[in-house]
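The primary structure of each chain is shown beneath.
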Amino acid sequence: MLEETGVEVVVERLTGVYKNMSLGVVALVFRCRPVGGAPQVSDESTVVEWLPTEQAAARMGDMYAIRVRDAMSLGAPVVRVHDGRRLVA
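Residues numbered from 1 in each chain as written. Predicted model: local features only at pLDDT ≥ 70, side-chain atom pairs only at ≥ 80, totals over all residues. Heavy atoms only, no water.

**Observations regarding the overall build of the chain**
Here's step 1: Each helix and strand in the chain was counted, giving three helices and three strands.
Here's step 2: Here the C-alpha coordinates of the chain stretch approximately 40 × 25 × 25 Å along the principal axes.
Here's step 3: Burial statistics for the chain: of 89 residues in total, 22% are counted as buried.
Here's step 4: The contacts of the chain with a sequence gap of at least 6 include a subset with a gap of at least 24, amounting to 53%.
Here's step 5: As displayed, the chain offers around 6,300 Å² of accessible surface, 57% of which is attributable to carbon and sulfur atoms.
Here's step 6: Within the chain, the 11 negative side-chain charges are centred at a point lying 10 Å from the centre of the 10 positive side-chain charges. (Helix = DSSP H or I, 4+ residues; strand = E, 2+ residues; numbered from the N terminus. Buried < 20%, exposed > 50% of the residue type's maximum accessible area, 1.4 Å probe, protein only. Contact = heavy atoms within 4.5 Å. Areas by Shrake-Rupley, 256 points an atom, 1.4 Å probe, with all protein chains shown as cover. Lys, Arg positive; Asp, Glu negative; His and termini not counted. Charge placed at Lys NZ, Arg CZ, Asp CG, Glu CD.)

Take a look at the structure:
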């Protein structure tokens, strides 16, 4: 996070495991809390902003938006399987 955004964070908890069955990729998503640094752009980010959950989710595709919503929920970590575009039952 620090390298890409200039924001130093501490990990609070695992919020989800997302399996892309088409690519054979597993992503672990963690909820983090900012503890220092200053927001800045980098070669890997063009904008760094703090947004409400739904506003952030509205700016991205469904497979990333669900990760944001899951990270902001207070429930146990979820496991979701998808094909890169849609959740798979």
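**Looking at the layout of surface pockets**
Here's step 1: Estimated volume of the largest pocket: approximately 1,200 Å³.
Here's step 2: As for the largest pocket, its lining consists of 27 residues, and the residues nearest its centre are Met-1, Glu-49, Trp-50, Ala-56 and Val-68.
Here's step 3: Among the elements that take part in the lining of the largest pocket, strand β2 (residues 25-37) stands out by supplying six residues, more than any other.
Here's step 4: Taken together, the residues of the lining of the largest pocket break down into 19 nonpolar, two polar and six charged. (1 Å grid on protein atoms, 1.4 Å probe; cavity = no way out; pocket = protein on both sides within 12 Å on 5 of 7 lines; lining within 4 Å. Points joined across faces, edges and corners; volume = space filled by probe spheres on them. Nonpolar A, V, L, I, M, F, W, Y, C, P; charged D, E, K, R; others polar.)

**Section: the sheet that holds strand β3 (residues 78-82)**
Here's step 1: What the three strands build is an open sheet, ordered β2-β1-β3; its pairing is mixed. Of all strands in the sheet, those with a lone pairing partner are β2 and β3, marking the two edges. For this sheet, the mean inter-axis angle between neighbouring strands, taken without regard to orientation, is 35 degrees.
Here's step 2: In the sheet, strand β1 (residues 7-20) pairs with β3 via five bridges, with the strands oriented parallel. Pairing of Val-17 across the sheet is with Val-79, part of β3.
Here's step 3: Sheet strands in contact with helix α3 (residues 62-72) are β1, β2 and β3, and its direction is about 125 degrees off that of β1. (Pairing = 2+ DSSP bridges. Axes fitted to C-alpha atoms, helices over the stretch in contact; angles between N-to-C directions.)

**Side note on the pattern of salt bridges**
Here's step 1: Taken as a whole, this structure holds five salt bridges when the rule is applied.
Here's step 2: Here Glu-49 makes a salt bridge to Arg-59, at a shortest N to O gap of 2.6 Å. With Glu-49 in the loop between β2 and α2 (53-58) and Arg-59 in the loop between α2 and α3, this residue pair connects regions lying ten residues apart in the sequence.
Here's step 3: Here the salt bridges share partners, and the residues they tie into one network are Glu-12, Arg-31 and Arg-33. (Salt bridge = Lys/Arg side-chain N within 4 Å of Asp/Glu carboxyl O.)

**Observations concerning the pairing of β1**
Here's step 1: Bridge analysis of β1 against β2 gives twelve bridges, and the strand direction is antiparallel. Each bridged residue has a counterpart across the sheet, and for Tyr-18 the counterpart in β2 is Ala-27.
Here's step 2: Following β1, the chain reverses through four residues before pairing antiparallel with β2; Gly-24 in that reversal takes a positive phi of roughly 70 degrees.

**Brief notes about α3**
Here's step 1: Within α3, the full set of buried residues consists of Met-63, Ala-65, Ile-66, Arg-67, Asp-70 and Ala-71.
Here's step 2: On its buried face, α3 sits against β1, β2, α2 and β3.

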